Amino acid sequence: MLKIKILGSGCANCRKLEAVARDAASTSGVEADFEKVTDMKAILAYDILSTPALVINEKVMSSGRIPTKSEIQQWLAA
């Protein structure tokens, strides 16, 4: 099972990123455990410059933007 984290303050973009990631995972048939990280100290532990950020299995896949569903599906398949 994949571990997916959404890093951000809980803004509209963070919620949209989570929705797109959940949709990508369910469409791909991938089992994933989602976690929202809103604590700034925890977010700063990752090497990102802006939020929202998407982390899959502790690897930062994107930050500062909302990737497309197909991009996320490619990352989940890799």
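Criteria and thresholds
- Residues numbered from 1 in each chain as written.
- Predicted model: local features only at pLDDT ≥ 70, side-chain atom pairs only at ≥ 80, totals over all residues.
- Heavy atoms only, no water.
- Axes fitted to C-alpha atoms, helices over the stretch in contact; angles between N-to-C directions.
- Helix = DSSP H or I, 4+ residues; strand = E, 2+ residues; numbered from the N terminus.
- Parallel < 35°, antiparallel > 145°, perpendicular 65-115°, else oblique.
- Left-handed = near helix turned anticlockwise from the far one by under 90°.
- Contact = heavy atoms within 4.5 Å.
- Nonpolar A, V, L, I, M, F, W, Y, C, P; charged D, E, K, R; others polar.
- Salt bridge = Lys/Arg side-chain N within 4 Å of Asp/Glu carboxyl O.
- Buried < 20%, exposed > 50% of the residue type's maximum accessible area, 1.4 Å probe, protein only.
- pLDDT = per-residue confidence, 0-100.
- Pairing = 2+ DSSP bridges.

Caption draft 1: Up close: the packing of helix 1 (residues 12–28) against helix 3 (residues 69–77). Where helix 1 contacts helix 3, the two axes come as close as 9 Å, and the packing angle between them is 55°. With respect to helix 3, the axis of helix 1 lies oblique. When the axes of helix 1 and helix 3 are compared, the crossing they make is right-handed. Note on element contacts: helix 3 touches helix 1 through Lys-69, Ile-72, Gln-73 and Leu-76, opposite Leu-17, Val-20, Ala-21, Asp-23, Ala-24, Ala-25, Thr-27 and Ser-28. Class assignment for the residues of the contact of helix 1 with helix 3 results in 7 nonpolar, 3 polar and 2 charged.

Caption draft 2: The pattern of salt bridges, seen in detail. Evaluated as defined, the whole model comprises 7 salt bridges. Residue Asp-33 pairs with Lys-3 through a salt bridge whose shortest N-O separation is 3.2 Å. Of this pair, Asp-33 sits in strand 2 (residues 32–37) while Lys-3 is found in strand 1 (residues 2–7), placing the two residues 30 residues apart along the sequence. Here Asp-33 falls in the partly exposed class, since its relative accessible area comes to 35%. Exposure remark for Lys-3: the relative accessible area of 28% places this residue in the partly exposed category. Among the salt bridges present, the one from Lys-69 reaches Asp-23, with a minimum N-O distance of 3.2 Å. Within this pair, whereas Lys-69 is found in helix 3, its partner Asp-23 is found in helix 1, the two being separated by 46 residues in sequence.

Caption draft 3: Structural view of the confidence of the model for the protein chain. A residue-level look at the protein chain finds 100% of positions with pLDDT of 70 or above and a mean pLDDT of 95. When mean pLDDT is taken per element in the protein chain, strand 3 (residues 53–56) scores highest with 97 and helix 2 (residues 40–44) scores lowest with 93.

Caption draft 4: Highlighting the sheet that holds strand 4 (residues 59–63). One open sheet accounts for 4 strands, arranged 2-1-3-4; its pairing is mixed. The sheet is open, and its two edges are formed by strand 2 and strand 4, each paired on a single side. The sheet shows a mean angle of 20° between the axes of neighbouring strands, taken without regard to direction. Direction of pairing for strand 1 relative to strand 2: parallel, over a ladder of 6 bridges.

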